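Observations on the three-dimensional arrangement
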Amino acid sequence: PYCYIKPGSKGGLQRGNILYVYHKGEELIDPDTGISLGSEETRIGKIQVLDATIGDGQASKCLIIEGSGMTRGDLVKVK
């Protein structure tokens, strides 16, 4: 199975890079101040860049190494 992500080579990605996919949880709001305390992130997968030249380097095609349930809006990080 494959997925497509931004960025591509123009963002510094190269074929072979390993990345991790995280799902952003519900935003935590301080009930007293109304200030956002951020949200927790849950690691849901691991991907490997196969082609970082999609859309003239704007996106990458990646192999899903582990995990499932990845959707638009999930975060992709090096760690």
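The rules behind the values
- Residues numbered from 1 in each chain as written.
- Predicted model: local features only at pLDDT ≥ 70, side-chain atom pairs only at ≥ 80, totals over all residues.
- Heavy atoms only, no water.
- Core = buried A, V, L, I, M, F, W, Y, C linked by side-chain atoms within 4.5 Å.
- Buried < 20%, exposed > 50% of the residue type's maximum accessible area, 1.4 Å probe, protein only.
- Helix = DSSP H or I, 4+ residues; strand = E, 2+ residues; numbered from the N terminus.
- Contact = heavy atoms within 4.5 Å.
- Polar contact = N/O pair within 3.5 Å; in protein donor to acceptor, adjacent residues only side chain to side chain.
- Pairing = 2+ DSSP bridges.
- Axes fitted to C-alpha atoms, helices over the stretch in contact; angles between N-to-C directions.
- Phe/Tyr/Trp six-rings, centres within 6.5 Å; stacked < 30°, edge-to-face > 60°.
- Lys NZ or Arg CZ within 6 Å of the ring centre and 35° of its normal.
- Lys, Arg positive; Asp, Glu negative; His and termini not counted.
- Salt bridge = Lys/Arg side-chain N within 4 Å of Asp/Glu carboxyl O.

**With respect to the nonpolar core**
Listed in full, the 10 residues of the largest apolar core are Cys 3, Ile 5, Leu 13, Leu 19, Val 21, Ile 47, Val 49, Ala 52, Cys 62 and Ile 64. Contributions of two or more residues to this core are made by β1 (2-5), β2 (18-29), β3 (36-53) and β4 (59-67). It is β3 that provides the largest number of residues to this core, a total of three residues.

**Here we look at the environment of Lys 10**
Relative to the elements of secondary structure, Lys 10 occurs in the loop between β1 and β2. Note on Lys 10: relative accessible area 56%, which makes it exposed. Filtering out sequence-adjacent residues up to four positions away, Lys 10 remains in contact with Asp 56, Gly 57 and Gln 58. Polar side-chain contacts of Lys 10 include one of 3.4 Å to the side chain of Asp 56.

**Structural notes on the sheet that holds β2**
With respect to topology, five strands assemble into an open sheet ordered β1-β4-β3-β2-β5, the strand pairing being antiparallel. Two strands in the sheet have a free side with no partner beyond their single neighbour: β1 and β5 (75-77). On average, each strand axis in the sheet is inclined to that of its neighbour by 45 degrees, with strand direction left out of account. Where β1 and β4 come together, four bridges link them in antiparallel fashion. In the strand pairing of β4, Cys 3 is matched with Cys 62.

**Quick look at the packing of aromatic side chains**
Counted according to the given criterion, the structure contains zero aromatic pairs. In this arrangement the basic side chain of Lys 77 is found over the ring face of Tyr 22, its NZ or CZ atom lying 5.4 Å from the centre.

**Examining the side chain of Asp 74**
Relative to the helices and strands, Asp 74 is located in the loop between β4 and β5. Here Asp 74 occupies a buried position and makes no salt bridge, while the nearest side chain of opposite charge, Arg 72, is found at 10 Å. At 2.8 Å, the side chain of Asp 74 forms a polar contact with the side chain of His 23. In this structure the side chain of Asp 74 is engaged in a polar contact, spanning 2.8 Å, whose partner is the backbone nitrogen of Thr 71. The residues touching Asp 74, leaving out its near neighbours within four places in the chain, are Val 21, Tyr 22, His 23, Ile 44 and Gly 69.

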